[in-house]
Amino acid sequence: LKESMPESDVNRNYYTQNMERQLANSDGTAPVGELGKAMKASDILLKLARTTPYYKRNRAHICSFWVKGECKRGEECPYRHEMPTDPNDPLAKQNMKDRYYGHNDPVAEKMLKRVDGAPRVEPPADPTITTLYVGGVDPALVQEADLRSHFSQFGDIRTIHCVARSSCAF
């Protein structure tokens, strides 16, 4: 917030009179001037704000020897003795080799399930509607012939209209 005093005498007097009038009309609990016009904290930010401290980041790391069943330190071990994840979680049983080759990959299955649940764009029921919108067409990189050669595999193309100002084509 920046509230600057006008430089000319007439404007400075007018500004001072308005500020004094606002102060006289207020009860003293609400801000006046530019501060009174300031936006209040957004409700979304208030919902996102953490209300309790986050202590998990300060916790010790999990003892890798204990997970394997080989920790000899017992109570004197500076690391946590607990399993890293739920043993029934399929992500806990993933194998890096399977993940690399794409066999029995629970992460990929989870992503594919998310894609299957996404809404799909269906073609219009009216077969006379044949216009297709193509967005993000850079006129310096994509020519009409490029569009024609790419989309000709899907059927006959009557016309192509490139709108360079909007970076799109129909």
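Everything in this summary refers to the structure shown in the same document. (Residues numbered from 1 in each chain as written. Predicted model: local features only at pLDDT ≥ 70, side-chain atom pairs only at ≥ 80, totals over all residues. Heavy atoms only, no water.)

### Describing the overall build of the chain
Phase 1 of the analysis: Secondary structure assignment for the chain yields 7 helices and 3 strands.
Phase 2 of the analysis: Mapped from its N terminus to its C terminus, the chain presents α and β elements in the order α-α-α-α-α-α-β-α-β-β.
Phase 3 of the analysis: In the chain, which comprises 170 residues, the share counted as buried stands at 8%.
Phase 4 of the analysis: Sequence separation of 24 or more characterises 24% of the internal contacts of the chain that already satisfy a separation of 6 or more.
Phase 5 of the analysis: Split by element, the accessible area of the chain, about 15500 Å² in all, is 54% carbon and sulfur. (Helix = DSSP H or I, 4+ residues; strand = E, 2+ residues; numbered from the N terminus. Buried < 20%, exposed > 50% of the residue type's maximum accessible area, 1.4 Å probe, protein only. Contact = heavy atoms within 4.5 Å. Areas by Shrake-Rupley, 256 points an atom, 1.4 Å probe, with all protein chains shown as cover.)

### Side note on the pattern of salt bridges
Phase 1 of the analysis: In the structure shown here, the tally under the stated rule is 4 salt bridges.
Phase 2 of the analysis: The salt bridge involving glutamate 82 is made with arginine 59; its shortest N-O contact spans 3.1 Å. Placement of the pair is glutamate 82 in the loop between α4 (64–68) and α5 (96–101) and arginine 59 in the loop between α3 (43–48) and α4, with a sequence separation of 23 residues.
Phase 3 of the analysis: Under the relative-accessibility criterion, glutamate 82 is labelled partly exposed at 33%.
Phase 4 of the analysis: Here arginine 80 makes a salt bridge to glutamate 82, at a shortest N to O gap of 2.9 Å.
Phase 5 of the analysis: Judged by relative accessible area, arginine 80 falls into the partly exposed class, the value being 21%.
Phase 6 of the analysis: A single salt-bridge network, built from bridges that share partners, covers Arg59, Arg80 and Glu82. (Salt bridge = Lys/Arg side-chain N within 4 Å of Asp/Glu carboxyl O.)

### Here we look at the packing of aromatic side chains
Phase 1 of the analysis: Tallied over the entire structure, the rule returns 3 aromatic pairs.
Phase 2 of the analysis: Ring geometry for tyrosine 133 versus phenylalanine 170: centroids 5.6 Å apart, planes at 55°, classification tilted. Of this pair, tyrosine 133 sits in the loop between α6 (106–116) and β1 (134–135) while phenylalanine 170 is found in the segment after β3 (168–169), placing the two residues 37 residues apart along the sequence.
Phase 3 of the analysis: Here tyrosine 133 falls in the exposed class, since its relative accessible area comes to 52%. (Phe/Tyr/Trp six-rings, centres within 6.5 Å; stacked < 30°, edge-to-face > 60°.)

### A closer look at the layout of surface pockets
It is a probe the size of a water molecule, rolled over the atoms, that shows where empty space is left.
Phase 1 of the analysis: The calculated volume of the largest pocket comes to roughly 520 Å³.
Phase 2 of the analysis: If you trace the largest pocket, you find 17 residues lining it, with Thr130, Leu132, Asp156, Ile157 and Thr159 closest to the centre.
Phase 3 of the analysis: Considered class by class, the residues forming the lining of the largest pocket number 9 nonpolar, 5 polar and 3 charged. (1 Å grid on protein atoms, 1.4 Å probe; cavity = no way out; pocket = protein on both sides within 12 Å on 5 of 7 lines; lining within 4 Å. Points joined across faces, edges and corners; volume = space filled by probe spheres on them. Nonpolar A, V, L, I, M, F, W, Y, C, P; charged D, E, K, R; others polar.)

### Overview of a nonpolar patch on the surface
Phase 1 of the analysis: Among the surface-exposed residues, Ile44, Leu45 and Leu48 lie close enough to one another that they form a single nonpolar patch of about 360 Å² accessible area.
Phase 2 of the analysis: Looking at the secondary structure, you find isoleucine 44 in helix α3.
Phase 3 of the analysis: Look at isoleucine 44 and you get exposed, because its relative accessible area is 57%. (Patch = residues over 30% accessible without salt bridge, like charges linked within 9 Å, V, L, I, M, F, W, Y side chains within 5 Å.)

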